[in-house]
Amino acid sequence: MRAVEVDCVEHVYPDGTRALCGARLEVEEGESVAILGPNGSGKTTLILHLNGTLLPHEGEVRIFGESVSKKNLDWVRKTVGVVFQNSDDQLFMPTVFEDVAFGPLNVKPRKEALREAESAMEELGIMELRDRVPHFLSGGQKRLVAIAGVIAMKPKILVLDEPTIGLDSEARDKIIWVLSQLKKRYKLTLIFSTFDVEIVPLLADKVVVLKNGSVIYQGDVRRALTDTKLLREARLDQPPYVKLAEELGLNEKPLTLKEASALFSKIIKKE
Amino acid sequence: MSLASFIERYLPSTPMVEYFSTRRSFYHAFHSASKLVFSLSMILVTVYLKSALLIALMPLTALLVMLSARLPLRTVMSWSLTPFLFAVALCVLLPLIGYPLLDAFLILVKAVVAAWFMFLLVLTTPMTHLARLASKFLPSWLADTFVLASRYFFLIFDEAQRMVKAMNSRGNPPLKRKVTLVANVMASLFLKGYERAERVYVAMTSRGYRGKIPLTSPERFRLRDALFVATSLAFSLVMVYVEVLVI
């Protein structure tokens, strides 16, 4: 079933900035999609349309076939969980546990809500942060708590705006691991925007490239990340292993460390 | 002393408040409601008293409780400078309009002691307990404001400190310009706060917010809390009794 359909969506901000111009996008249930694009290409605006935070001026956003409108915002927000770019905007409660439990307590009986909050925290391995004040958490911990808060709502679609931005490599690896586990365990539909091309092959089944509010590419991850012209247009770097393979004049272009190590071992063995 | 170091030294900072409020002591263990009753009753009694002798007992009480709560007196004294300066600004005017000097001095003492009792409450009670308490006594919109303020006040405060530090790191402008710059910092903080409020509201509504923030973390009101409340009220009544009937 199609989880998300963005059909010719246009959005103009009050200052006249045209953030989305006829954007089209389809995401199947259980699929993982990376939204790539330069600053100001409309990634965040597109993400805010997916759970009805912004409504399109023209066009339509459909979630599991239902058109997003003011009438069904409750259902849309329960179905689509969004993790915002700045965790401080999302962690508004005095302690971590209060924050994770916020969503479930709004929609479920108290006992069940608290159980779900605890299970979301266990899932992400952040139980030891339970009574901590969000203000004093590290960037990675804040991001994990923000994800736990959304996961506790049991959404069918998880949307993340720049999930690894500003994180050190350990925190980044943890986020990648957590997202891939969530995807596997709950068969979540995952949509994330990023500049970090290295995480795309680890998490995404499909890539969408935005430029000036329009989708200029939608399709295969490997094709997108090895297409120098497309990446240049989206002002993105090539993944490091692709760059290395190009420098060495190799035809095969590895996207991940695993692929690169397999390729180079093959070459070494041949020689 | 630069503005940044003044703020750091003489105004409560988030890490310090958080650190002290989550420590363990005999006083910390009381229910937040009983600590609130104690602080409020002590403040009311302090304000009510007129006898210098009885008023002198109030700072001693505050200091004794602070010691039992293992609070650092030096830090509390530094933080008392701000309420002290506010009170001084008022009290220096009182003799000019005919108040005796002693009365002006006692008002100054009362103001600082009232601040100490509030410090005692805030530095021994985690924000989450205070927020829960607020949600019981206040209308939901006000309680929600308190919960959000408890999270974002310090964030904005830290942001202000960073901005002032950044300003100072780029030279030491003359006082007149400094005042203009501080006004700019305030304006910028207001705008940032406004934008953040919108983003937070979006985050809240997308997690099912319908006009009331639900809270967890229940505290248990035990017998010792009831005894503590009773003792606080009895002490207050004795002070008032001595003031009215004995002195």
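Parameters at a glance
Residues numbered from 1 in each chain as written. Chains lettered and ligands numbered in written order. Predicted model: local features only at pLDDT ≥ 70, side-chain atom pairs only at ≥ 80, totals over all residues. Heavy atoms only, no water. Helix = DSSP H or I, 4+ residues; strand = E, 2+ residues; numbered from the N terminus. Rg over C-alpha atoms; globule rule 2.2 N^0.38 Å. Buried < 20%, exposed > 50% of the residue type's maximum accessible area, 1.4 Å probe, protein only. Contact = heavy atoms within 4.5 Å. Areas by Shrake-Rupley, 256 points an atom, 1.4 Å probe, with all protein chains shown as cover. Lys, Arg positive; Asp, Glu negative; His and termini not counted. Charge placed at Lys NZ, Arg CZ, Asp CG, Glu CD. 1 Å grid on protein atoms, 1.4 Å probe; cavity = no way out; pocket = protein on both sides within 12 Å on 5 of 7 lines; lining within 4 Å. Points joined across faces, edges and corners; volume = space filled by probe spheres on them. Nonpolar A, V, L, I, M, F, W, Y, C, P; charged D, E, K, R; others polar. pLDDT = per-residue confidence, 0-100. Phe/Tyr/Trp six-rings, centres within 6.5 Å; stacked < 30°, edge-to-face > 60°. Lys NZ or Arg CZ within 6 Å of the ring centre and 35° of its normal. Domains from an automatic or database assignment. Patch = residues over 30% accessible without salt bridge, like charges linked within 9 Å, V, L, I, M, F, W, Y side chains within 5 Å. Salt bridge = Lys/Arg side-chain N within 4 Å of Asp/Glu carboxyl O. Buried area = accessible area lost by both parts, 1.4 Å probe. Polar contact = N/O pair within 3.5 Å; in protein donor to acceptor, adjacent residues only side chain to side chain.

Section: the overall build of chain A
Helix and strand counts for chain A come out as twelve helices and ten strands. For chain A, whose C-alpha radius of gyration is 19 Å, the value lies close to the compact-globule estimate of 18 Å for 271 residues. Seen along its three principal axes, the alpha-carbon backbone of chain A occupies a region of about 65 × 45 × 35 Å. Here chain A holds 271 residues, and 54% of them are scored as buried. Here the contacts in chain A between residues at least 6 apart in sequence split such that 62% fall between residues at least 24 apart. Accessible surface for chain A amounts to roughly 12,200 Å². Of this, 49% is attributable to carbon and sulfur atoms. Here chain A contributes 38 positively and 40 negatively charged side chains, and the mean placements of these two sets differ by 2 Å.

Considerations on the overall build of chain B
Looking only at helices and strands, chain B features eleven helices and zero strands. Seen in sequence order, chain B has helices and strands lined up from the N terminus as α-α-α-α-α-α-α-α-α-α-α. When the backbone C-alpha atoms are referred to their principal axes, chain B occupies close to 60 × 50 × 30 Å. The 247 residues of chain B split such that 44% are buried. For chain B, the proportion of contacts with a sequence separation of at least 24, taken over those separated by at least 6, is 81%. Only carbon and sulfur atoms are counted for the fraction: they give 72% of the accessible area of chain B, which is about 13,700 Å². Taking the average location of the 26 positive side-chain charges in chain B and that of its 11 negative ones, the two points are 5 Å from each other.

Thoughts on empty space enclosed by the protein
Enumeration over the complete set of coordinates arrives at three cavities of 30 Å³ or more. Space inside the largest cavity adds up to approximately 90 Å³. In terms of lining, the largest cavity is formed by A:Pro94, A:Val133, A:His135, B:Thr14, B:Val17, B:Glu18, B:Met127, B:Ser150, B:Arg151 and B:Phe154. When residues of the lining of the largest cavity are traced back to their parent elements, those giving at least two are α2 (14–21) and α9 (140–169) of chain B. For the lining of the largest cavity, the per-class residue count stands at five nonpolar, three polar and two charged. Approximately 50 Å³ is the volume attributed to the second largest cavity. Taken together, A:Arg77, A:Gly81, A:Val82, A:Gln90, A:Val150, A:Met153, B:Ser206 and B:Arg207 form the lining of the second largest cavity. Taken together, the residues of the lining of the second largest cavity sort by class into three nonpolar, three polar and two charged.

Here's the deal with the confidence of the model for chain B
All names here are of chain B. When pLDDT is averaged along chain B, the result is 87, and 98% of the positions lie at 70 or above. Mean pLDDT in chain B bottoms out at helix α1 (residues 3–10), which sits at 71, and peaks at helix α3 (residues 32–48), which reaches 96. Listed scores for the predicted complex are pTM 0.79 and ipTM 0.77.

Focus: the packing of aromatic side chains
Enumeration according to the criterion identifies eleven aromatic pairs over all chains in this entry. Relative to B:Phe20, the ring of B:Tyr19 has its centre 5.1 Å away and its plane inclined at 65 degrees; by these criteria the two rings are edge-to-face. Taking 5.7 Å as the distance between ring centres and 85 degrees as the angle between the ring planes, the aromatic pair formed by B:Tyr27 and B:Phe228 counts as edge-to-face. Here B:Phe228 lies in helix α11 (residues 223–246) and B:Tyr27 lies in the loop between α2 and α3, a separation of 201 residues in the sequence. The exposure classification of B:Tyr27 matches that of B:Phe228, with both residues buried. Chaining the aromatic ring pairs together yields one cluster made of B:Phe26, B:Tyr27, B:Phe30, B:Phe38, B:Phe117 and B:Phe228. Across from the ring centre of A:Phe195, 4.3 Å away, lies the NZ or CZ of A:Lys43, which sits over that ring. Across from the ring centre of B:Tyr48, 5.1 Å away, lies the NZ or CZ of B:Lys50, which sits over that ring.

As for the layout of surface pockets
All names here are of chain B. Considered as a void within the structure, the largest pocket measures approximately 700 Å³ in volume. Here the lining of the largest pocket gets three residues from one element, more than from any other, and that element is helix α8 (residues 127–137). Residues of the lining of the largest pocket, tallied by class, amount to nine nonpolar, ten polar and 13 charged. For the lining of the largest pocket, the domains that each give at least three residues are domain 1 (23–125 + 219–247) and domain 2 (127–216).

What to know about a nonpolar patch on the surface
Residue and element names in this part refer to chain B. On the surface, a nonpolar cluster with roughly 530 Å² of combined accessible area is contributed by Tyr48, Tyr241, Val244, Leu245 and Val246. Considering every element that reaches the nonpolar patch, the biggest residue donor is α11, with four residues. Relative to the helices and strands, valine 246 resides in helix α11.

Re the interface of chain B and chain A
Tallying the contact residues gives 33 residues for chain B and 31 residues for chain A. Together, the buried faces of chain B and chain A total about 2,700 Å²; carbon and sulfur atoms form 57% of this surface. When the area that chain B buries against chain A is broken down by residue, the three leading residues are B:Arg151, B:Arg207 and B:Thr216, summing to 32%. Inspection of the region where chain B meets chain A yields three salt bridges. The residue B:Arg207 makes a salt bridge to A:Asp99 at a minimum N-O spacing of 3.2 Å. The interface formed by chain B and chain A holds seven residue pairs in polar contact (both at pLDDT 80 or more) in total. Taken together, the elements giving at least two residues each to the side of chain B that touches chain A come down to α2, α8, α9 and α10 (175–205) of chain B. In terms of residue count, α9(B) provides more of the side of chain B that touches chain A than any other element does, eight residues in total.

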